[in-house]
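Okay, here's what each chain looks like letter by letter:
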Amino acid sequence: MNKTKQTDAAYQKCINPDCDAEYDCSKPLFKCPACGELLDVRYNWDKITIPSKLNEFSKRWAGRSNKLDFSGLWRFRELLDFCEDKHRVTIGEGQTILQQNDAIGKYADMKASRLYLQYEGLNPSGSFKDNGMAAAFSHATMVSAKSCACASTGNTSASVALYAHHCGLKSVVFIGSGRIAFGKLSQAMDYGTKTIQIRGDFDDCMRQVQEVCTRLGLYLLNSLNPFRLEGQKTIMYRIIEQLGWEVPDWIIVPGGNLGNSSAFGKAFYELKEVGLIERIPRMAIINATGADTLTDLVNNKKLIWNKGQVAQKVIDDYYADLTARNFSPQTCASAIEISRPVNLKKCLRAIDICDGIVRAVTDEEICDAKAIVGRYGLGCEPASAATIAGLKQLRAEGVIGSDERVACVLTGHPLKDPDLTVNYHKAKKGQFANAPIEVENDLEKIIKLIE
Ligand SMILES: *Cc1c(COP(=O)(O)O)cnc(C)c1O
Ligand SMILES: [Zn+2]
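Treat the numbers as computed from the prediction; the structure is a model and nothing was measured. (Residues numbered from 1 in each chain as written. Chains lettered and ligands numbered in written order. Predicted model: local features only at pLDDT ≥ 70, side-chain atom pairs only at ≥ 80, totals over all residues. Heavy atoms only, no water.)

Asker: Would you explain the coordination of the zinc ion (ligand 2) in this entry?
Answerer: Looking at the zinc ion (ligand 2), one finds its protein donor set to be C14 (SG), C19 (SG), C32 (SG) and C35 (SG), positioned 2.3 to 2.4 Å from the metal centre. Mapped onto the sequence, the residues coordinating the zinc ion (ligand 2) show the spacing C-x4-C-x12-C-x2-C. Separated by 16 residues along the polypeptide, C19 in the loop between β1 (10-14) and β2 (22-23) and C35 in the loop between β2 and β3 (39-43) bring together distant segments of the chain. Residue class for C19 comes out partly exposed when judged on its relative accessible area of 26%. (Donors = N, O, S within 2.8 Å, 3.2 Å for Na, K, Ca; no water. Helix = DSSP H or I, 4+ residues; strand = E, 2+ residues; numbered from the N terminus. Buried < 20%, exposed > 50% of the residue type's maximum accessible area, 1.4 Å probe, protein only.)

Asker: Sorry, what's going on with the sheet that holds β1 here?
Answerer: The strands making up a sheet associate through backbone hydrogen bonding, with each pair oriented either parallel or antiparallel. With antiparallel pairing, three strands are arranged side by side in an open sheet as β2-β1-β3. Each of the sheet's edge strands pairs with one partner strand only, and the pair in question is β2 and β3. As defined by bridge partners, β1 adjoins β3 across five bridges and the pair is classed as antiparallel. Residue pairing across strands places Y11 opposite R42, the latter belonging to β3. (Pairing = 2+ DSSP bridges.)

Asker: I'm lost on empty space enclosed by the protein in this one. Help?
Answerer: If a probe the size of a water molecule is rolled over the atoms, the empty space left behind becomes visible. Across all of its chains, the model carries three cavities of 30 Å³ or more by this definition. Taken as a whole, the largest cavity holds about 270 Å³ of empty space. K129, G256, N257, N260 and A335 are the residues nearest the centre of the largest cavity, which is lined by 24 residues in total. If you list the elements that add at least two residues to the lining of the largest cavity, you get β6 (147-152), α5 (155-167) and α10 (259-273). Of the residues assigned to the lining of the largest cavity, the class counts are nine nonpolar, twelve polar and three charged. Counting contributing residues, the lining of the largest cavity receives three or more from each of domain 2 (97-124 + 228-426) and domain 3 (129-224). (1 Å grid on protein atoms, 1.4 Å probe; cavity = no way out; pocket = protein on both sides within 12 Å on 5 of 7 lines; lining within 4 Å. Points joined across faces, edges and corners; volume = space filled by probe spheres on them. Nonpolar A, V, L, I, M, F, W, Y, C, P; charged D, E, K, R; others polar. Domains from an automatic or database assignment.)

Asker: It is not clear to me how the site of ligand 1 should be interpreted in this structure. Could you clarify?
Answerer: Near ligand 1 you find 15 residues, and of these K129, N155, G256, N257 and N260 are the closest. At a separation of 2.8 Å, an oxygen atom of ligand 1 approaches a polar backbone atom of L258. Taking G259, its main chain carries an N or O atom lying 3.1 Å from an oxygen atom of ligand 1. With the chains in place, 97% of the 380 Å² that ligand 1 exposes on its own is no longer accessible. In a pocket analysis with a 2 Å cut-off to the grid points, ligand 1 is assigned to the largest cavity. (Near = heavy atom within 4 Å. Polar contact = N/O pair within 3.5 Å; in protein donor to acceptor, adjacent residues only side chain to side chain. Areas by Shrake-Rupley, 256 points an atom, 1.4 Å probe, with all protein chains shown as cover. Sits in = over half its atoms within 2 Å of the grid points.)

Asker: Is there a simple way to think about helix α17 (residues 443-450) in this case?
Answerer: In terms of burial, α17 is a largely surface element, zero of the eight residues being buried. Its side-chain oxygen placed 3.0 Å from the backbone nitrogen of E444, D442 serves as the N-cap of α17.

Asker: What am I meant to see in the nonpolar core here?
Answerer: Within soluble globular proteins, side chains that are nonpolar generally end up buried alongside one another. With 98 residues, the main nonpolar core has F82 and F137 as its most contacted residues. Ignoring anything within four residues of it in the chain, the contact list for F137 reads V89, C148, V160, Y163, A164, C167, L169 and L221. Within the second largest apolar cluster, 38 residues are counted, among which are L117, I336, C367 and L391. (Core = buried A, V, L, I, M, F, W, Y, C linked by side-chain atoms within 4.5 Å. Contact = heavy atoms within 4.5 Å.)

Asker: Help me out: how do you make sense of the packing of aromatic side chains in this one?
Answerer: For any two aromatic rings, the description comes down to two numbers: the centre-to-centre distance and the angle of the planes. With the rule as written, the count across this model stands at ten aromatic pairs. Centre to centre, the rings of F76 and Y237 are 5.2 Å apart; their planes meet at 55°, and the pair counts as tilted. Placement of F76 in the loop between α2 (67-70) and β4 (97-100) and of Y237 in helix α9 (residues 234-242) is noted, with a sequence separation of 161 residues between them. Overall, the relative accessible area of 1% leaves Y237 in the buried class. Ring geometry for Y318 against Y319: centres 6.4 Å apart, planes inclined by 65°, an arrangement best described as edge-to-face. Side by side, Y318 and Y319 carry an identical accessibility label, which is buried. By way of ring pairs, the aromatic residues F57, F76, Y237 and W245 are connected into one cluster. Note that R64 overlies the ring of W61, its terminal NZ or CZ placed 4.5 Å from the centroid. In this arrangement the basic side chain of K392 is found over the ring face of Y107, its NZ or CZ atom lying 5.0 Å from the centre. (Phe/Tyr/Trp six-rings, centres within 6.5 Å; stacked < 30°, edge-to-face > 60°. Lys NZ or Arg CZ within 6 Å of the ring centre and 35° of its normal.)

Asker: I'm lost on the sheet that holds β6 in this one. Help?
Answerer: Taken together, four strands build an open sheet; the order of strands is β8-β7-β6-β9 and the sheet is parallel. Of all the strands in the sheet, the pair left with one neighbour each is β8 (194-198) and β9 (219-220). Alignment of β6 against strand β7 (residues 170-176), held across six bridges, turns out to be parallel. Pairing of S147 across the sheet is with K170, part of β7. Along the sheet face, α5 touches β6 and β7 and points at about 165° away from the line of β6. (Axes fitted to C-alpha atoms, helices over the stretch in contact; angles between N-to-C directions.)

Written out as structure tokens, the structure reads:
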């Protein structure tokens with residue numbers, strides 16, 4: 001498939017229907033200058049030659065000598081066609097696998113052959129964030145950015161650090177003091193980014209980084225950046241690709257800043273819009289109970305997308321109450337320890353598109369689920385395991401049927417948070433605890449332990 005590049009195929013558009021402002025892609029904006037709402041990347045599909053069948057995309061991968069065809073992101077390039085090939089950044093992200101797993105399916109009370117795990121830990125920096133960074137750094141390169149910044153619970157900073165180095169951009173990352181898993185912190189330092197630990201939580205970092213970027217003109221790499229979400233869409237393409245281009249019944253994803261759930265909804269909406277799929281799967285977004293803003297707003301306050309007319313007052317009141325109570329979110333799944341998710345409204349839209357639902361699971365459920373993914377799967381970090389804990393809960397409620405086809409997104413690598421894993425096993429409290437046994441340096445005693 002050779003296509004001629006149309007530079008005006010993509011544009012940015014405000015998600016606020018009362019505003020509807022449009023901007024071209026040549027400037028980093030990240031929030032609508034007219035009204036302050038989030039922006040989307042949109043496409044004039046008639047200016048893009050999209051392969052008529054989904055398997056045209058997989059054929060590229062078979063060739064893979066072109067690094068854009070090898071990328072699990074750019075082999076779908078017509079579906080995120082906002083820059084020319086020369087600006088497309090890749091370091092081999094998206095070589096991920098969809099593992100069918102019956103042992104974990106059984107744990108969640110699913111019938112055999114129904115549960116699939118989209119393991120994103122195989123990405124260059126070990127989390128699914130690399131999908132979005134490949135896209136966002138392509139945009140950063142296109143607009144000739146020289147330095148960039150992000151706030152992070154850990155994986156964003158690792159990914160930014162890696163891609164920034166690759167693209168020759170200076171980077172600075174903001175993390176909440178004591179809020180980051182060790183594996184992730186080690187990556188930020190090792191990849192050579194300037195790492196600033198703010199005495200505060202992620203939400204504090206998020207506020208500060210926006211100010212800093214505005215003041216110093218840095219390119220912002222948080223998921224406010226709509227180009228990042230374009231990259232995250234490709235996780236859904238790879239899931240259906242690995243299902244022989246069939247759409248599953250459910251996608252389950254953890255919810256933190258809600259960029260991914262937003263991107264996944266957009267991915268399916270667009271695939272249907274351009275006629276590449278007929279049916280959109282349902283989506284379940286899983287919070288931790290200690291950081292359950294979305295769950296509370298959707299399930300208790302009945303907040304909905306409402307064609308873009310979201311009840312802003314409900315959100316404002318909710319956040320005012322968090323502030324009044326001096327609330328700081330608290331969960332062992334540090335990647336989703338966020339109480340003011342920046343993509344909230346886009347996520348509400350995704351819930352609308354995918355007939356989505358939201359649940360919260362406890363840290364205990366997350367840790368047990370993480371341990372079973374470790375034992376029978378490919379391992380994952382705590383936030384990823386929220387999907388399995390969420391599935392178990394939704395099976396118990398009868399919301400998901402035991403013979404429905406479910407794909408859980410395992411967002412990060414097991415070695416991201418080794419402290420949590422070691423503590424879980426050593427504490428001997430969890431269902432799957434497997435503590436090391438200490439023994440004297442004595443052959444008979446050692447053998448006795450193994451027999
Ligand atoms: C970033 C991240 C999340 C949350 O994703 P959002 O798009 O912010 O909701 C979940 N799990 C892991 C491992 C992450 O790195
Ligand atoms: Zn606007």
